[in-house]
Structure formats: structure tokens, C-alpha cells
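# Inside the fold
The lines below spell out each chain.
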Amino acid sequence: MKVAFIGLGVMGAPMARNLLKAGHEVTGFDVVNKGLDALVEAGGNRAGTIKAALEGAEVAITMLPDSPQVEEVAFAEEGLLASAKAGLLYIDNSSIAPPVARRVSAAARARGLRPLDAPVSGGEAGAIEGSLSIMVGGKAEDFEAARALLEAMGSTVAHVGGDGAGQTVKVANQLVVAGVIEAVAEATVLLQASDVDVPAALDVLAGGLAGNRILDRKRASMLAGDFTPGFRVDLHHKDLGNLLATAREVGVSLPLGGLVAELMAALRARGGGSLDHSALLLLVQAMSGRDGSGQK
Ligand code: NAD
């Protein structure tokens, strides 16, 4: 298929590369050059504007940081909605506020486009491997039309409901991820403060009922104090804000969600916004009066 890909950052660049590998034609647009250079090197095309990227496209994919950027790309004078031909499949893979997703999808539908809100989970590694989980809201027939593209980027792809449903599932995902990171961070600080072999202890945790993807993928870098993103604290802070707003909207109470949102906010307020979210370990260490290797 002919795909316009807008937003070639940490996630978008490898996702676009996987579309090229699957034989699709990809034209990219971004406000910075780095991802565009990588796309061209991988066999894609560069466009100078959203409108140029959309020329002849059957599908548009956006992978942008947050709601304001998605609205800007969608609603700009020569933006996506104004430039797209009727019938275009419009897949937003960004993680944004569910009400914004519903608004963007309604406006796109009113212009004859076929919108899907389709946020992803699996991190940069999942984007590179093409093994993302992709949770999709929108019409079932549009999901079916997009399935082959989504399966080129992800290995678990599910239609979870109507407009905005993908984003609602994503905030639930981000609650679980933050909660597990916090649990791993607290366990690590406890172990570091005790007379045990910490790497061996985390290995044995990873093999039992406490095993999880955070331990699998991040325990080595966390112990080494390497918090190169990955997934930035700033972005997870945004997602946890969307989580709490969604909880209010549907009228449920999420005590752990509130706690991890505050911890993520504290890490960010202390200057950790650009670090990987596994840097929650640094916050737990600081709260216990310990340095980055867990020592007093
Ligand atoms: P990123 O900041 O690395 O990439 C975003 C890209 O969008 C950048 O290249 C930026 O230049 C571009 N951009 C911003 N405004 C633009 C505009 N108006 N027009 C065109 N391009 C514009 O972010 P990322 O880590 O790739 O994350 C993208 C989305 O995916 C976010 O919503 C994030 O929450 C979500 N996400 C990220 C991860 C991860 O591990 N990084 C995992 C799952 C989901």
C-alpha cells in the first residue's frame, strides 16, 4: 500500500522501516530531519509537508508525542484532514487522551476518512522487532482493512471497540507498566540494602511468579544505572494524566494509579523527564537515602 507516515521518532522510524520491509511504499514527514534521513536510507521517500506526504496515499499513519501534536497535524490548514482524499485509512498510533481521539476520529469521519485510534505497547525494542501490541478503536471493517499493515508492525493486534477505545486500553496498559516498574524498583532497593547477591536475586525473581517483562528487559540496565530512553518519563507522565482523567470520566477509583502518577510526577519534577521510565529506581533510591548503586 501507499503509506504517508508522519512522526518518525524513537517509535515511528523503526515502525516505518518494518512497513518498507513488508513491501509497502512509505513517504515520511517530520518536523526534524533525523527520522526522515533514516527512512530515506531504508528505501522510503521524504516529503516537505503533510500535504506532499499525502499525495496519492491510501493510508496515513501518525506517531506523534501527545494530543496537541495530533490535533495540529489533523486540523492544520494544510493538515491531514484538509489534504486527504475521501476513503483514506487514517491510523493514529500515538498515545493520546481518549476524548481527543474521539474528537479527531469524528472530524475525520465527517470528511469521509476511515479513522482508527491504534496506540501501541512494546517499547522501542518492540518497534524494531515488529512485535508491538496494537490496540485499535474504530470501525471493525476499517480495522480489517488495516490489519496487514498493523501486522507488519506488531505481533498482537486487536480491535477493542469504537472510536477512542484503543486509547482507553492504552491508559490501562500504562497503569500496569508503571506499577510493575515501581514494584521492580522497590524490590531492587530492598535487595540492595540487604546482604544478598542482587543480580542473582533478580534472576530468581524473573523465573518465578514475580517474573515480568520489565525484569526481563530492564533489570540489567537498571542495575547498571543506564536510563537512556526507551520510553521517556515525560511521555509516561502524560499517559498517567490521561489514565486519571479516564478514571474520573468512567467513575472508578484507582489508588495505585494515583500513586504511580504522583511518583512519575516527582521523578519528572526532580529533572528526570528525559530519562527512561525505569528511572523510577532513582526516585525510590533517593527516598531511601541511597545513591544510584543502592549504597547509603
Ligand atoms: P518521539 O518524541 O521520539 O517521536 C515523535 C516524533 O514526532 C518526533 O520525531 C517529532 O519530531 C515528531 N513531531 C512532533 N510534532 C510534529 C508535527 N507537528 N509534525 C510532524 N512531526 C512531528 O516519541 P516516541 O517515543 O516515538 O513516541 C511517540 C508516541 O508513541 C507517543 O505518544 C508515546 O507515548 C508513544 N509510545 C512510545 C513508546 C516508547 O517506548 N518510546 C512506546 C509505546 C508508545
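Summarised in this report is the structure supplied together with it.

How each quantity is defined
Residues numbered from 1 in each chain as written. Predicted model: local features only at pLDDT ≥ 70, side-chain atom pairs only at ≥ 80, totals over all residues. Heavy atoms only, no water. Near = heavy atom within 4 Å. Polar contact = N/O pair within 3.5 Å; in protein donor to acceptor, adjacent residues only side chain to side chain. Areas by Shrake-Rupley, 256 points an atom, 1.4 Å probe, with all protein chains shown as cover. Helix = DSSP H or I, 4+ residues; strand = E, 2+ residues; numbered from the N terminus. Buried < 20%, exposed > 50% of the residue type's maximum accessible area, 1.4 Å probe, protein only. Pairing = 2+ DSSP bridges. Right-handed = clockwise from strand over helix to strand, strands pointing away. Axes fitted to C-alpha atoms, helices over the stretch in contact; angles between N-to-C directions. Parallel < 35°, antiparallel > 145°, perpendicular 65-115°, else oblique. Contact = heavy atoms within 4.5 Å. Nonpolar A, V, L, I, M, F, W, Y, C, P; charged D, E, K, R; others polar.

### What about the site of the ligand?
- Close to the ligand lie 27 residues; Val10, Met11, Asp30, Pro65 and Lys238 are nearest.
- Glu72 is positioned with one of its side-chain polar atoms (N or O) 3.4 Å from a nitrogen atom of the ligand.
- With respect to the ligand, the side chain of Lys238 contributes an N or O atom lying 2.8 Å from an oxygen atom.
- Protein chains shield 91% of the accessible area of the ligand, which is 830 Å² for the free molecule.
- At 3 residues, helix 4 (residues 67–75) tops the list of elements feeding residues into the shell around the ligand.

### A few points about the side chain of Ser83
- Secondary-structure assignment places Ser83 in helix 5 (residues 80–83).
- A polar atom in the side chain of Ser83 sits 2.7 Å from the backbone oxygen of Gly79.

### Some remarks on the pairing of strand 5 (residues 89–92)
- Covered by surrounding structure in strand 5 are Leu89 and Ile91 together with Tyr90 and Asp92, the residues of both alternating faces.
- Relative to strand 5, strand 4 (residues 59–62) runs parallel, the two sharing 4 bridges. Bridge pairing in strand 5 places Thr62 opposite Asp92.
- Relative to strand 6 (residues 114–117), strand 5 runs parallel, the two being bridged by 4 bridges. Paired with Asp92 across the bridge in strand 6 is Asp117.
- The parallel pair strand 5 and strand 6, bridged by helix 6 (residues 98–110), forms a crossover whose chirality is right-handed.

### A word on the packing of helix 4 against helix 6
- Between helix 4 and helix 6, whose axes approach to 11 Å, the crossing angle comes to 10°. One finds that helix 4 runs roughly parallel with respect to helix 6. Here Ser67, Val70, Glu71, Ala74 and Phe75 of helix 4 come into contact with helix 6, specifically with Val100, Arg103, Val104 and Ala107.
- Across the contact of helix 4 with helix 6, the residue classes tally to 6 nonpolar, 1 polar and 2 charged.

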